[in-house]
Amino acid sequence: MAKTKQPSVPSPAAPARGPVRRACKVALGCFVSGIVGGVTEPALYGLGLRYRRPLIGLAVGGFVGGVWAGATHVTAYIMGSSSFLSILGYVDGGVLNTVTGRGSEIGDYIVTHEGIDFINFTGSTEIGRHISSLARMTPLLLELGGKDAAIVLEDADLDFAADAIADGAYAYSGQRCTAVKRVFATDSVADQLVEKLKARVEKMQVGDPRDGAMITPLIDEKAAESAMELIAEALEKGAMLVTGNRREKNLVYPTLLDRVTEEMEVAWKEPFAPILPVIRVKDIDQAVELANRSEYGLQSSVFTNDINRAFSIAERLEVGTVQINNKTERGPDHFPFLGVKASGM
């Protein structure tokens, strides 16, 4: 049997300008300080993360080698071209490198390489756990999945809440770890909120992003199939279809589901698609209990006109960040961003 050729890794002793720094590497979607391993999954900001993560390593004088998810090799190659960034005057040739191949092979090799000092991974909880099992004593920063909840109280400004939730749930076709992925609405306002969400969803342009569409194709047809399976399972168990449930290849139309219950997968599973389930609750205690029952703990939103009540609820939510009267979102890069439980470490 022929031996598999191991991917080359920049030498930790490679020269750098200024103080000597160790090389910076990226795997499936990971990053490392000193020598950094970087990995990202395909649907997560295909271009944005490929700039944000390597630039951190470059800023401290490191060398960066990137290995990205297979579905984004072209984007990663363009970004990783030394000539591309050299034109902008940022780096010299050989400082920023891109490696293509199977992430399960190259990524595993990089995160277990003895030269790696720190690993930063952005992607699914499944892959994050895999990397954690391989990393042994290497320090980790894992930014993983989420099932971010928007909790809408009876005193909330429903028009304002509907605008924020619709944008937070459907932007990037829901392919964000910080997307609003479920809504908990008290019985007294649920009917009104669902109607307002429906009106906004049905106005969303669907199609080619070059034409200004908000809802665009998912990363691949497998992702679209998974999304439609979640919708079908919820409808079979009694959820109410408000709008959507349409697919054209890997383009899934924005779907709004009402009267979703805890027995349905869509109440717990991260769809990474333009699907928003509304779960009706009798009071705030039930909303908090259901929100905290998730394995994830990335972000939540609370919509209310009572700021003291908002902070009281925020303290009870088991998440990394609570947005008050705002959609769940990352925020500026200088702002702390991390989840708890299965959302990161």
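Now for a description of the structure that goes with this document. For every chain, the first residue of the written sequence is number 1, and numbering continues from 1 along that sequence. Whole-chain, interface and lining totals are the exception, using all residues; otherwise, since this is a predicted model, local features are given only for residues with pLDDT of at least 70 and side-chain atom pairs are given and counted only at 80 or more. Remark: hydrogens and water are excluded; side-chain values derive from all non-hydrogen atoms of the structure.

Below, the discussion takes up the overall build of the protein. Per the secondary structure count, the protein includes ten helices and 18 strands. Note on classification: 1.4 Å probe, protein chains only; a residue is buried when its accessible area is under 20% of the maximum for its type, exposed when over 50%, partly exposed between these limits. Going through the 345 residues of the protein one by one, you find that 52% of them count as buried. For the protein, the proportion of contacts with a sequence separation of at least 24, taken over those separated by at least 6, is 64%. Accessible surface computed for the protein: about 15,700 Å², of which carbon and sulfur atoms make up 53%. Helical segments are the DSSP runs of H or I of at least four residues, strand segments are the runs of E of at least two, and each set is numbered from the N terminus. Whether two residues are in contact is decided by their heavy atoms: any pair within 4.5 Å suffices. Accessible surface area values rest on a Shrake-Rupley calculation with a 1.4 Å probe, where residue burial reflects the displayed protein chains alone.

Within the secondary structure, arginine 182 sits in strand 9 (residues 182-186). For arginine 182, which is buried and forms no salt bridge, the nearest opposite charge comes from aspartate 148, at a distance of 7.6 Å. Apart from residues no more than four positions distant in its own chain, arginine 182 is found in contact with Lys147, Asp148, Ala149, Ala150, Ala267, Trp268, Leu276, Pro277, Leu290, Ala291 and Ser294. When charges are counted, neither His nor the chain ends are considered; positive counts come from Lys and Arg and negative counts from Asp and Glu. Here, a salt bridge means any Lys or Arg side-chain nitrogen found within 4 Å of an Asp or Glu carboxyl oxygen.

The subject of this paragraph is helix 10 (residues 307-316). Ala310, Ile313 and Ala314 are the residues of helix 10 that are buried. Down the axis of helix 10, the smallest arc covering the buried residues is 105 degrees, so these residues share one side. Facing away from the buried side of helix 10 by more than 90 degrees, the exposed set consists of Asn308 and Glu315. Its buried side turned inward, helix 10 meets helix 9 (284-293), strand 16 (299-303) and strand 17 (321-324). Here a polar contact is taken to be a pair of N or O atoms separated by no more than 3.5 Å, where protein atoms must pair a possible hydrogen donor with a possible acceptor and residues adjacent in sequence count only if both atoms sit in side chains. Where helix 10 begins, the capping side chain belongs to aspartate 306, and its oxygen is found 3.1 Å from the backbone nitrogen of asparagine 308. Arc definition: directions from the helix axis to the C-beta atoms.

With that settled, the discussion passes to the packing of helix 9 against helix 10. Here helix 9 crosses helix 10 at 35 degrees, and the two axes come no closer than 10 Å. At the point where helix 9 passes helix 10, the crossing takes the right-handed sense. Together, Ile284, Asp285, Val288 and Asn292 of helix 9 and Arg309, Ile313 and Arg316 of helix 10 make up the contact between the two elements. Axis angles are defined between N-to-C directions and span 0 to 180 degrees, where every axis is a line fitted to C-alpha atoms and, for a helix, only to the segment in contact. Handedness of each helix crossing follows the sense of rotation of the near helix against the far helix: counterclockwise by less than a right angle gives left-handed, clockwise gives right-handed.

What follows covers the nonpolar core. We define a nonpolar core as any set of buried Ala, Val, Leu, Ile, Met, Phe, Trp, Tyr and Cys residues linked to one another through side-chain atoms lying within 4.5 Å. Core analysis: the largest hydrophobic core is formed by 32 residues, its most contacted members being Phe184, Val260 and Leu317. Listing elements by their share of this core, those giving two or more residues are strand 8 (149-152), helix 8 (221-236), strand 14 (275-281), helix 9 and helix 10. Among the elements that line this core, the one with the most residues is helix 8, at six residues. Apart from residues lying up to four places away in sequence, phenylalanine 184 is in contact with Ala149, Ala150, Ile151, Val152, Ile279, Val281, Ala287, Leu290 and Ala291. In this structure, Ala150, Ala169, Ala185 and Leu256 belong to the second largest nonpolar core, which totals 27 residues.

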